[in-house]
Amino acid sequence: MKKAIIKSVLLLCAAMMLSSSAFALVKPNGLFTDNAVLQRNIAVPVWGSAANGESVTVKFQDQEVSTVARDGEWLVWLKPLKTGGPFEMTISGENTINLHNVLVGEVWICSGQSNMQFALTNDTNAQKTIASSTDSNLRLYTVPNITSDVPLNDVNSSWKKCDPTTTPGFSAVGYYFGASLRKSLGVPVGLINTSWGGTPAEAWTSRLALKNNPVDNYAQELKGKATWAPRHPSVLYNAMISPLQPYAIAGAIWYQGEDNAGHGYRYRYALDNMIQSWRTGWKQGDFPFLMVQLAPFMAINPQPEESAWAEVRESQLYVSEHTSKAGMAVITDVGNETDIHPRQKQPVGERLATAARGIAYGEKIVYSGPAYKSMKVDVDRAIVSFDSVGDGLVCKGKTLTGFTVAGADKKFYNASAQIVGNTVVVSSPDVKAPVAVRFGWANYPVVNLWNKADLPASPFRTDDFPTVTQR
């Protein structure tokens, strides 16, 4: 009996020692795996979990940095890193972890709803693109679709090398964006895809940012009507954005807005609030934020001359013009009248990459299509001026389409439009004294105004007449 008791005590002690040892294991955040890409030219945080008081050391390139875990967590900062690779990273404490094939280059977040989540395998050029997608210096990371009512601090996924076995299920927009950056920058690129279909911007916004904000009433409205948990305010920020912070990044690309249609005017506040919440959470200043304007789609109009999707596009344009280091890809040429998920994603990703080259990397290029600047009236004609004209305006067709004009009665009529220098002259026999011009103001705009940099003009309106969602 005595021997049995002693044996039991020894077994219990051994189990306790094993449990203590396991608890003490140093573990990096799930973003730090083999094949990772770390951001160049800025300080890089590396963090994870360990036992309280455990000493943790990170070795990378010619740096060695140590810290002591507090409250089960540790974080160290590496000084700006040399571009290139592959390199090895060692993380050690009671145990040692070796990360292999780590690169240093440009890291971008790819986020939004279904058109960002849209897989490369469904793209128009999927077969050819996937077959030629092998690139050892392009790496892919996909965040699992989960929700949380509280901010999480870890993510369960891993970095993958880019090849035909990993690209089919990855974001098509993200892939084309990254491939284009690889071609123009010639450095390693890492893409972190964190997207989920059918989700509003408020779900991607921190609860702190929503508090006492004008869009918070809408967030509460969403929560009351929600039939499934992504739709609740902040649950995707908590589960799919917060765990990524403060991973060093170059910027973010964003394709979302369909789920906010019907609240188009308020979307400008929701989107701006979301961007600021991300920038606050990352503590990396005003990093570049590049969005995709909604593609044409024949959604149901609230009433004649109103367009739920046009209002969202207007809000996207507004935010891109009023937010520091923000930009937008216009895709009026790649919509589908009956499919909310147009399959041509290559122009989308490549236009985002062009915007990144101008905004994030300072290249002296035209990176935006024509954008409305001002209007003046000359008797019965409206003369519209544009920014981002570049080398000039272009009509892709026999005549310009998509312009309407209104007089004092606020009734809009189809208008003829002609390019004159860097302006467009708009008129209609039904309007003797124009007061307002609209371009592409429809759910499914048919428009053909471009600049010579081969970028399409954004839909716009010169008026501020109250819309359905403003009333």
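Residues numbered from 1 in each chain as written. Predicted model: local features only at pLDDT ≥ 70, side-chain atom pairs only at ≥ 80, totals over all residues. Heavy atoms only, no water.

Honestly, the pattern of salt bridges in this entry has me stumped. Any pointers?
Opposite charge on two side chains makes pairing possible when the charged atoms of those side chains draw close. Considering all chains together, one arrives at 13 salt bridges under this definition. Glu314 serves as the salt-bridge partner of Arg461, at 2.7 Å between the closest nitrogen and oxygen. Residue Arg461 is located in strand S24 (residues 460–461), and its partner Glu314 is located in helix H9 (residues 308–322); the two are separated by 147 residues in the primary sequence. A single burial state applies to Arg461 and to Glu314, both of which are buried. The shortest N-O distance in the salt bridge between Asp463 and Arg438 comes to 2.9 Å. Taken as a pair, Asp463 in the segment after S24 and Arg438 in strand S22 (residues 436–439) lie far apart in primary sequence, 25 residues in all. Exposure class is identical for Asp463 and Arg438. Each is buried. Put simply, Arg268, Glu314, Arg438, Arg461 and Asp463 are held in one network by salt bridges that share partners. (Salt bridge = Lys/Arg side-chain N within 4 Å of Asp/Glu carboxyl O. Helix = DSSP H or I, 4+ residues; strand = E, 2+ residues; numbered from the N terminus. Buried < 20%, exposed > 50% of the residue type's maximum accessible area, 1.4 Å probe, protein only.)

For this particular structure, what's the right way to read the packing of helix H4 (residues 172–185) against helix H10 (residues 346–359)?
A pair of packed helices can be characterised by two numbers: the angle between their axes and the separation between those axes. At their nearest, the axes of H4 and H10 sit 7 Å apart, and the two run at 45° to each other. By the angle between their directions, the pair H4 and H10 is classed as oblique. Crossing geometry of H4 relative to H10 is assigned as right-handed. Contact with H4, carried on its side by Val173, Tyr176, Phe177, Ser180, Leu181 and Ser184, involves Gln346, Val348, Gly349, Glu350, Leu352, Ala353, Ala356 and Arg357 of H10 and no other residues of that element. Partitioned by chemical class, the residues of the contact of H4 with H10 number eight nonpolar, four polar and two charged. (Axes fitted to C-alpha atoms, helices over the stretch in contact; angles between N-to-C directions. Parallel < 35°, antiparallel > 145°, perpendicular 65-115°, else oblique. Left-handed = near helix turned anticlockwise from the far one by under 90°. Contact = heavy atoms within 4.5 Å. Nonpolar A, V, L, I, M, F, W, Y, C, P; charged D, E, K, R; others polar.)

How should I be thinking about the pairing of strand S13 (residues 289–292) in this particular structure?
Two faces, one strand: in a regular strand the side chains alternate between the faces of the sheet. Side-chain alternation along S13 places Phe289 and Met291 on one buried face and Leu290 and Val292 on a second face that is also buried. Direction of pairing for strand S12 (residues 251–255) relative to S13: parallel, over a ladder of three bridges. Note on S13: the bridge partner recorded for Ile253 is Leu290. Note: S13 against strand S14 (residues 326–329), four bridges, orientation parallel. For Met291, the partnering residue across the bridge sits in S14 and is Met328. (Pairing = 2+ DSSP bridges.)

Hey, could you run me through the environment of Val420 in this one?
Residue position: Val420 is located in strand S20 (residues 416–420). Separated by 35 residues in sequence, Val420 and Ser385 have C-alpha atoms that sit 9.9 Å apart.

Whenever I open this one, the sheet that holds strand S18 (residues 403–406) confuses me. Can you help?
Either a parallel or an antiparallel arrangement is found when strands of a sheet pair, and the pairing is made through backbone hydrogen bonds. Pairing is antiparallel across the open sheet formed by four strands, whose spatial order is S19-S18-S22-S24. A strand with exactly one partner marks an edge of an open sheet, and here the two such strands are strand S19 (412–414) and S24. In the sheet, S22 pairs with S24 via two bridges, with the strands oriented antiparallel. For Phe439, the partnering residue across the bridge sits in S24 and is Phe460.

Just to check I follow, could you spell out the side chain of Thr167 for this structure?
On the secondary structure map, Thr167 appears in the loop between strand S10 (160–162) and H4. Taking relative accessible area as the criterion, Thr167 reaches 1% and is therefore assigned buried. At 3.0 Å, the side chain of Thr167 forms a polar contact with the side chain of Ser133. The residues contacting Thr167, other than those within four sequence positions of it, are Leu120, Ile130, Ser133, Leu140, Cys162 and Tyr175. (Polar contact = N/O pair within 3.5 Å; in protein donor to acceptor, adjacent residues only side chain to side chain.)

Just to check I follow, could you spell out the side chain of Glu311 for this structure?
Turning to its location among the elements, Glu311 is positioned in helix H9. A polar contact is formed between the side chain of Glu311 and the side chain of Thr467, at a distance of 2.8 Å.

What am I meant to see in empty space enclosed by the protein here?
Empty space among the atoms becomes apparent when a probe as large as a water molecule is rolled across them. A full pass over the atoms with the stated rule returns one cavity of 30 Å³ or more. Met328, Ala329, Val330, Arg351, Tyr367, Ser368, Gly369, Leu455 and Pro456 together form the lining of the largest cavity. Here the residues of the lining of the largest cavity are counted per class, giving six nonpolar, two polar and one charged. (1 Å grid on protein atoms, 1.4 Å probe; cavity = no way out; pocket = protein on both sides within 12 Å on 5 of 7 lines; lining within 4 Å. Points joined across faces, edges and corners; volume = space filled by probe spheres on them.)

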